[in-house]
2 protein chains.
Amino acid sequence: MSIPALQFARENQSRFLEELKDLLRIPSVSTLPEHRGDVRRAAEVLALELQRIGLENVQLIETTGHPLVYADWLHAAGKPTCLCYGHYDVQPPDPLDEWASPPFEPTERNGNLYARGAVDDKGQMYMHVKALESLLHAHAGKLPLNVRVILEGEEEVGGEGIAQFVREHPEQLRADFALISDTEMFAPDLPTLCVGLRGMIYTEIEARGAATDLHSGMYGGAAPNPFFALCQVLAQLKDADGRISIPGFYDAITAPSTQELKAWKSLPFNEEEFQHKEVGSSALTGESKYSVLERLWARPTLEVHGMPGGFTGAGAKTVIPAKALAKVSMRLVPEMEPQKIFALYKRYVESLCPKGIMLDVRLIHSGDPIVLRVDNPYVQAATAAMRDVFGKETVFVRSGGSIPIVGDFERSLKIPSVMMGFGLPDDNLHAPNEKFHIANFYRGIESLIRFFERLGAEKIGAA
Amino acid sequence: MSIPALQFARENQSRFLEELKDLLRIPSVSTLPEHRGDVRRAAEVLALELQRIGLENVQLIETTGHPLVYADWLHAAGKPTCLCYGHYDVQPPDPLDEWASPPFEPTERNGNLYARGAVDDKGQMYMHVKALESLLHAHAGKLPLNVRVILEGEEEVGGEGIAQFVREHPEQLRADFALISDTEMFAPDLPTLCVGLRGMIYTEIEARGAATDLHSGMYGGAAPNPFFALCQVLAQLKDADGRISIPGFYDAITAPSTQELKAWKSLPFNEEEFQHKEVGSSALTGESKYSVLERLWARPTLEVHGMPGGFTGAGAKTVIPAKALAKVSMRLVPEMEPQKIFALYKRYVESLCPKGIMLDVRLIHSGDPIVLRVDNPYVQAATAAMRDVFGKETVFVRSGGSIPIVGDFERSLKIPSVMMGFGLPDDNLHAPNEKFHIANFYRGIESLIRFFERLGAEKIGAA
């Protein structure tokens, strides 16, 4: 099959990569107020590019937070409509001193492109843009199917902007399915579709003791210590085997099917290698009666991300801080409901409150757990497109991560999502030295071109 | 009794206060490397002032850290020699946003002087300087007794500079007793001598899990979490009643005498008021079978000061950090030995190490607990001098804080210390809005003048 769009994409690989680097140079860190202007700049750059390649109705949609970028092309009558989703915001780069090259100076090393956002999600989102450009160029300004593009700038901060827009304007995003490239391949060269995601609740616990910071010599032994209190509380949330102690926490869980569990067993997964090469710890942890993949994909977890407050500088300061904070999240699996789980968690945490301490338990954001059906034409076309590019059968996996938008699309637009991701397990998402394997950037673009061509050749759905 | 030095001190009160303000404007924060130059500047300013008032042999003595300031006047043959000790470094001012006025812009409000270091210890140390100035002026360049002054700039950082100097050059500091003003009065208007101090060990526990920061979605449930591990460990160091769980921890403790306990019971102490006005928490904590004063003065404590690492910014970052740190100190009481206690603590913490985690337990610094005899002429003269200024009998108390130099003087110079302090319980040491009651600055100077005059009138010891 001669596909002119593939030809165009191959001839323009190095330009595509340079354009991605320009995008990665914009520090669009959505969690940090000081980068507000950078986040908007990234949105503007993308809007201009969507306009340039020939999409229509390009616009920034303002939200209470960072803007959405929208564009469409809806002239393929009788063809399905794809809603391409991506996010242009990135995680904070800290700790900065652990980066081998600066996070916002994209650097090529060993076939990889290193930068914050390289794979999560600027690089993967940009594959959509470049696949669409290749198709528009090869088809004289037309696409083989209808496309809407929606990009958000608050994914990493759990912003409500896109969820609200999806809820309030479902007609503006009407489509047959969504396409999301924000997941990873199970192994290098193994084409992978993600069909399940953990949900999450991200919370803060604030502990307050004395009215002001106190000297630990003068008051130690009689004044409450909020850090010690948080330690007492947090230590009671999980047992030594990683089982979460919140009453009722596990009640709603649906286990994966026997068939799915069997398929996971046949994946090329080596626990030793995972421990030593990916995690790099002296042991793996968690519920020992489940396999590692079950623990990551089909079991909930509770993590402490940081405990701000008190004295964190060099040397010694003998303070009993007036307050301390813990940032705690839980990953949820089907059919756990975020609001219900938060209520159970809050009640349990409050029940553990030590003497002299006041606890404030806050929900920062949440997302539903998801399991997708694999018997729809979009997943089938994606399976075939990736197989054609990689020359191997595509595998179905779940991800332990959370993509709340998938639940929003399901709830408000009543459409399934195809999660076609090209990250690799060692791409250091949310960590120093985030990277994107450059070959996967190109193979991703080719997979997307083949996917769109396939769907355009079929007759399913309607715009 | 007409005392010309008192007259001079009274006439110069406002000048003394303005000079103190100038000293407080220097941010001599010894724990922060960026203030290194400021710490030295404070030392230089003090050396110049000691020279100006008429002391001799003024010099900066270099250490591996911040310099010592030395001066003396040794011409009162047949009179005792006093070693005046103080420190010119201060605690870090954070959290800055809780200060009503900037920490390094001394501000008068309601009869108090607000600034970092106002009472701990620049203000109290400067009382010595101004008492000596008043005496030198009133006695035509002479003092009623021999004096050596030694000031350090590493008290708040637990620096070893002065301890090493005391150990290696005891002859340069030869004296009959030391005088330290770095403690507080038990209540406003109640003259107080401190005759006991808790010791301390300040430690760090570093927990390491994965080789790099990991995404909590991708790895949560199988990767070790160093923050959670620290919580598990720390929660096991004390029980709910505040009793420390380290095996052997309490073995060496000597309880206060029945007489001392009885004297503490007659002090004007109101537990309700202490809780609500000083601590401001919903309850007091600690070992319920001991009184609050016993818990603060005669029982050890263990405190967590901060837990640096991970994500501490605004919003949500879903990271499992590769490492986390806990800053933990213990206050010790007679006869607990810091090195032995640290060994017990380290062994116990290591025994609690969770799966997949590596712990590094480090001693940052330590100080011996102290109990002083009250039947020496120096304590007697101090008792009388303070009684004369305040018009009330002087009480003997202990402090829950630690002044390691008292142990160093005892061990290396074989001299007792007189701890004549003029701070107040609500002076916010080590906390935002540190202050010094200005009337106590003046009464402190007068007490010191009377103390020196009394000792000069007696015939005890020899230079």
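For every chain, the first residue of the written sequence is number 1, and numbering continues from 1 onward in sequence order. Chain A is the first chain written and ligand 1 is the first ligand written, with later ones labelled in order. Totals for whole chains, interfaces and linings use every residue, but because this is a predicted model, local features are given only for residues with pLDDT of at least 70 and side-chain atom pairs only at 80 or more, for both listing and counting.

**Q** How do you make sense of the overall build of chain A when you look at a structure like this?
**A** On a plain count of helices and strands, chain A comes out with 14 helices and 18 strands. Compactness check: chain A gives a C-alpha radius of gyration of 23 Å against a globular reference of 23 Å for 463 residues, within 12% of the reference. With the C-alpha coordinates aligned to their principal axes, the bounding extent of chain A is approximately 80 × 50 × 45 Å. Any residue whose C-beta has 12 or fewer other C-beta atoms within 10 Å is treated as exposed, any with 20 or more as buried, and any in between as partly exposed, C-beta atoms being built from the backbone. Counting the 463 residues in chain A, one finds 59% classified as buried. Residues are defined as contacting one another if the C-beta atoms placed from their backbone atoms lie within 7 Å. Contacts spanning at least 24 positions in sequence make up 79% of the contacts within chain A whose residues lie at least 6 apart. Note on conventions: DSSP H or I runs of at least 4 residues are helices, E runs of at least 2 residues are strands, and numbering of each starts at the N terminus. Values of the radius of gyration come from C-alpha atoms, whereas the globule rule sets the reference at 2.2 Å times the count of residues to the power 0.38.

**Q** Explanation requested: the packing of helix α5 (residues 161-168) of chain B against helix α13 (residues 404-413) of chain B in the structure shown.
**A** Any two packed helices are characterised by the angle at which their axes cross and by the distance between the axes. All names here are of chain B. What counts as an axis is a line fitted to C-alpha atoms, over the stretch in contact for a helix, and the angles between N-to-C directions run from 0 to 180 degrees. Running from amino to carboxyl end, α5 crosses α13 at an angle of 15°, the nearest separation of the two axes being 9 Å. By the angle between their directions, the pair α5 and α13 is classed as roughly parallel. The hand of the α5/α13 crossing is right-handed. Each of Ile162, Ala163, Val166 and Arg167 in α5 lies in contact with α13, whose residues at this interface are Ile405, Asp408, Phe409, Ser412 and Leu413. Residues are grouped as follows: Ala, Val, Leu, Ile, Met, Phe, Trp, Tyr, Cys and Pro are nonpolar; Asp, Glu, Lys and Arg are charged; all remaining types, including Gly, are polar. Here the residues of the contact of α5 with α13 are counted per class, giving 6 nonpolar, 1 polar and 2 charged. Comment on the angle field: the value is read as roughly parallel under 35 degrees, roughly antiparallel over 145, roughly perpendicular from 65 to 115, and oblique elsewhere. Crossings are classed by handedness, with left-handed meaning an anticlockwise turn of the near helix from the far one by less than a right angle and right-handed meaning a clockwise turn.

**Q** Please clarify how the interface of chain B and chain A should be interpreted in this entry.
**A** Reports often express the size of an interface as the amount of accessible area lost when the parts come together. Listed by partner, the interface residues are 83 residues for chain B and 83 residues for chain A. For the side of chain B that touches chain A, the elements supplying multiple residues, two or more each, are β10 (214-215), α6 (216-219), α7 (226-235), α10 (292-297), β11 (301-310), β12 (319-320), β13 (323-332) and β14 (358-367) of chain B. No other element matches β11 of chain B, which puts 9 residues into the side of chain B that touches chain A. Partitioning the side of chain B that touches chain A into residue classes produces 37 nonpolar, 36 polar and 10 charged. A strand pair is defined by DSSP finding two or more bridges across the two strands. With 3 bridges connecting them, strand β11 (residues 301-310) of chain A and β11 of chain B associate as antiparallel partners. When the bridges of β11 of chain B are listed, Met307 of chain A appears paired with Met307 of chain B.

**Q** Even after reading the chapter, I still don't get unusual backbone geometry, so can you show me in this structure?
**A** Trans is the prevailing form of peptide bonds, just as negative phi is the prevailing case for residues other than glycine. With an omega of 0°, the peptide bond between Asp120 of chain A and Asp121 of chain A qualifies as cis. Cis geometry marks the peptide bond from Pro334 of chain A to Glu335 of chain A, where omega comes out at 0°. For Glu335 of chain A, the position within the fold is in the loop between β13 (323-332) and α11 (338-351). The phi dihedral of Asn433 of chain A is positive, around 60°, even though this residue is not glycine. Tracing the sequence through the fold places Asn433 of chain A in the loop between β17 (417-420) and β18 (435-437). Although it is not a glycine, Asn110 of chain B adopts a positive phi angle of roughly 50°. Following the sequence through the fold, Asn110 of chain B ends up in the loop between β4 (107-109) and β5 (112-114).

**Q** Would you explain the pairing of strand β6 (residues 146-152) of chain A in this entry?
**A** On any regular strand, side chains alternate: one points to one face of the sheet, the next to the other face. Residue and element names in this part refer to chain A. Counting buried positions along β6 gives 7 out of 7 residues, so the element sits mostly inside the fold. Both faces of β6 are covered, namely the face carrying Asn146, Arg148, Ile150 and Glu152 and the face carrying Val147, Val149 and Leu151. Relative to β6, strand β2 (residues 68-73) is paired through 5 bridges, and the arrangement is antiparallel. Counted as the bridge partner of Asp72 is Arg148 from β6. Pairing geometry for strand β3 (residues 81-87) and β6, over 7 bridges, is parallel. When the bridges of β6 are listed, His87 appears paired with Glu152.

**Q** Looking at this structure, I do not really get the sheet that holds strand β18 (residues 435-437) of chain B. What am I missing?
**A** Working definition: the strands of a sheet are paired by backbone hydrogen bonds and lie parallel or antiparallel to each other. Residue and element names in this part refer to chain B. Pairing is antiparallel across the open sheet formed by 3 strands, whose spatial order is β4-β5-β18. On the outer flanks of this sheet lie β4 and β18, each paired with one strand and no other. If you compare each strand with its neighbour and ignore which way they point, the axes differ by 25° on average. Inspection of the sheet shows β4 paired to β5 by 3 bridges, in the antiparallel sense. Of the residues in β5, the one forming a bridge with Thr107 is Tyr114. Relative to the sheet, helix α14 (residues 438-457) contacts β5 and β18, its axis offset from that of β18 by approximately 60°.

**Q** I'm lost on the relation of the copies chain B and chain A in this one. Help?
**A** Residues reaching a pLDDT of at least 70 in both copies supply the C-alpha atoms on which the copies are superposed by least squares. When chain B is fitted to chain A, the best match, at an RMSD of 0.1 Å, comes from turning it 180° and sliding it 0.0 Å along the axis. Here the copies are linked by what is in effect a two-fold axis. Within chain B, Cys231 of chain B has its C-alpha nearest the rotation axis, a separation of 2.1 Å. In this assembly, 100% of the residues forming the interface of chain B have copies in chain A that are likewise at the interface, indicating an isologous arrangement.

**Q** Would you take a moment to explain helix α4 (residues 122-138) of chain A for this structure?
**A** Count 3.6 residues to each turn of an α-helix, and residues three or four apart come out pointing the same way. The terminal C-alpha atoms of α4 of chain A, which comprises 17 residues, lie 24 Å apart, in line with the 24 Å expected from a rise of 1.5 Å per residue. For α4 of chain A, a buried count of 15 out of 17 residues is recorded, marking the element as mostly surrounded by other parts of the structure. Expected helix span is given by 1.5 Å per residue-to-residue step, counting one fewer step than there are residues.

**Q** Just to check I follow, could you spell out the environment of Glu154 of chain B for this structure?
**A** All names here are of chain B. Mapping Glu154 onto the fold places it in the loop between β6 (146-152) and α5. According to the C-beta neighbour criterion, Glu154 is buried, with 25 such atoms within 10 Å. Glu154 sits 126 residues away from Gly280 along the chain, and the two C-alpha atoms are 31 Å apart. Setting aside residues up to four positions removed in sequence, Glu154 forms contacts with Ser30, Gly65, His66, Asp89, Gly159, Gly161 and Ile162.

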